[in-house]
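# Inside the fold
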Amino acid sequence: MKTLSVTLPGRSYDILIGSGLLARAAEHLRPVLPRAKKLFVVTDSNVAPIYLSALIPGLERAGFETACREIPAGEGSKSPAMLSALWEDMMDFGLTRTDAVIALGGGVVGDLAGFAAATYLRGIRFIQVPTTLLAMVDSSVGGKTAVDLDGGKNQAGAFWQPSLVVCDCDVLDTLPEREYRCGCAEVIKYGLLNNAPFFNDLMETPAKEQYEHVISTCVEMKKQVVLSDEFDRGERQKLNLGHTIGHAVEQCSGFTLLHGECVAIGMAVITRAAVKKGFCAKETLDAAEKILKLYDLPDQTAYSTDELLNMALADKKVANGKISLIVPEAVGKCSIRPVPAEALREWMQAGGIV
């Protein structure tokens, strides 16, 4: 097992990465939650039948009283209505400020449960137990929690750091192939963003053959970014590589395309635009397109500029009439380039969107 520690002003937490951690989660929770009596577990309809029974008995043997809310799997559950339902369930269970929430699932579960914890009783502790590759390498670390609004993805949320993150690599054995590929999109993002040797590792060896290395590498990179910019005002914006256009594609698809698929499209589009505008060489684009193809990820979209533009301009990253684009300059090097919002159409078209 590997342990990475995140130390922020006034608080810290560990990220555990290894095998067989789910059944032993209580061993790690009790020191983190010494006064907790009750744990409220949020999971979804895909994960509950497989992994809930592996988690709950250990928690109860450790003396915790547990309750569980199983939400429908999918982005549709990341809604204000579901958030409100969780608040009511937590209140009915008698959850107090010394108790905690556990998020057992992928990014949707983590975002929703984390936001519920951040806002219930003005904030109680929560534990991330991610069950997808994407959640392990990205959304479970760093404290971003949110729900979607009609006007956009993650438009209501809070920065609320977990008290512990437990990444059991064994649960990835049951991950559907499509979900695995989506996680690989975020993994590739880290290599393209700031780690050329890691990018080359992924070209040589599939992520699924080196899970512990992949997860620990990505988490260590994200940890360093979060330590330098917890509230996403500067360097942390680089983690949005591929996300401005990716989120727009995701919404246009009605979330029938998965997050990682859309991030892959977004990375390809912005890299094409960067080449056309002279910010990076074509070799960078060739490498990006090659690795996306290697992992069977999409690199273009049939949605038009007109369809995507309104979605993108409604994104929370737009401020003072500008949007910050994360632009590749080489494999392992990207820059933040604020551009006028009205220039986004040109960037999309330069990236091959018609």
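Residues numbered from 1 in each chain as written. Predicted model: local features only at pLDDT ≥ 70, side-chain atom pairs only at ≥ 80, totals over all residues. Heavy atoms only, no water.

Core analysis: the biggest nonpolar cluster contains 98 residues, and I15, L29, L133 and I215 have the highest contact counts within it. Looking at this core element by element, the count peaks at ten residues for helix α10 (residues 259–276). Not counting residues up to four positions away in its chain, the partners in contact with I15 are K2, T3, L4, V6, V141, V165, C167 and V219. Core analysis: the next-biggest nonpolar cluster, separate from the first, contains 23 residues, V101, V108, V109 and F126 among them. (Core = buried A, V, L, I, M, F, W, Y, C linked by side-chain atoms within 4.5 Å. Buried < 20%, exposed > 50% of the residue type's maximum accessible area, 1.4 Å probe, protein only. Helix = DSSP H or I, 4+ residues; strand = E, 2+ residues; numbered from the N terminus. Contact = heavy atoms within 4.5 Å.)

Next up on the list: the environment of F126. Structurally, the position occupied by F126 is in strand β6 (residues 125–130). For the pair formed by F126 and P31, sequence separation is 95 residues and the distance between their alpha carbons is 14 Å. Setting aside residues no more than four positions away along its own chain, F126 makes contact with V101, G110, G114, A117, T145, W160, Q161, P162, S163 and L164.

This part covers the packing of helix α6 (residues 177–194) against α10. The interhelical angle for the contact between α6 and α10, taken along N-to-C directions, is 35 degrees, at an axis separation of 7 Å. In this structure, α6 meets α10 at a crossing whose hand is left-handed. Where α6 approaches α10, its residues R178, C182, A185, E186, I188, K189 and L192 are matched on the opposing element by H259, G260, E261, V263, A264, M267 and T271. Of the residues belonging to the contact of α6 with α10, the class tally is seven nonpolar, three polar and four charged. (Axes fitted to C-alpha atoms, helices over the stretch in contact; angles between N-to-C directions. Left-handed = near helix turned anticlockwise from the far one by under 90°. Nonpolar A, V, L, I, M, F, W, Y, C, P; charged D, E, K, R; others polar.)

So, on to the sheet that holds strand β4 (residues 65–71). Overall, mixed pairing links the seven strands, which are arranged β1-β2-β9-β6-β5-β3-β4 in an open sheet. Looking at which strands have only one partner, the edges of the open sheet turn out to be β1 (2–8) and β4. Along the sheet, successive strands turn relative to each other by an average axial angle of 15 degrees, direction set aside. Here strand β2 (residues 11–18) runs beside strand β9 (residues 164–168); their pairing, made up of five bridges, is parallel. Opposite D14, over in β9, you have L164 as the bridge partner. Packed onto the sheet, helix α2 (residues 48–61) meets β3 (38–44), β4 and β5 (100–105) and runs at close to 170 degrees relative to β3. Sheet strands touched by helix α8 (residues 211–228): β1 and β2. Its angle to β1, the strand with the most contacts, is close to 10 degrees. (Pairing = 2+ DSSP bridges.)

Here we come to α2. Between the first and last C-alpha of α2 there are 19 Å, a value that for 14 residues agrees with the 20 Å anticipated at 1.5 Å per step. Residues of α2 that are buried include every one of A48, Y51, L52, L55, I56, G58 and L59, and no others. The inward-facing, buried residues of α2 contact α1 (25–32), β3, β4 and β5. Residue G63 follows α2 closely and has a positive phi angle near 95 degrees. (Expected span 1.5 Å × (residues − 1).)

Scope: geometric values only; no functional claims are made or implied.
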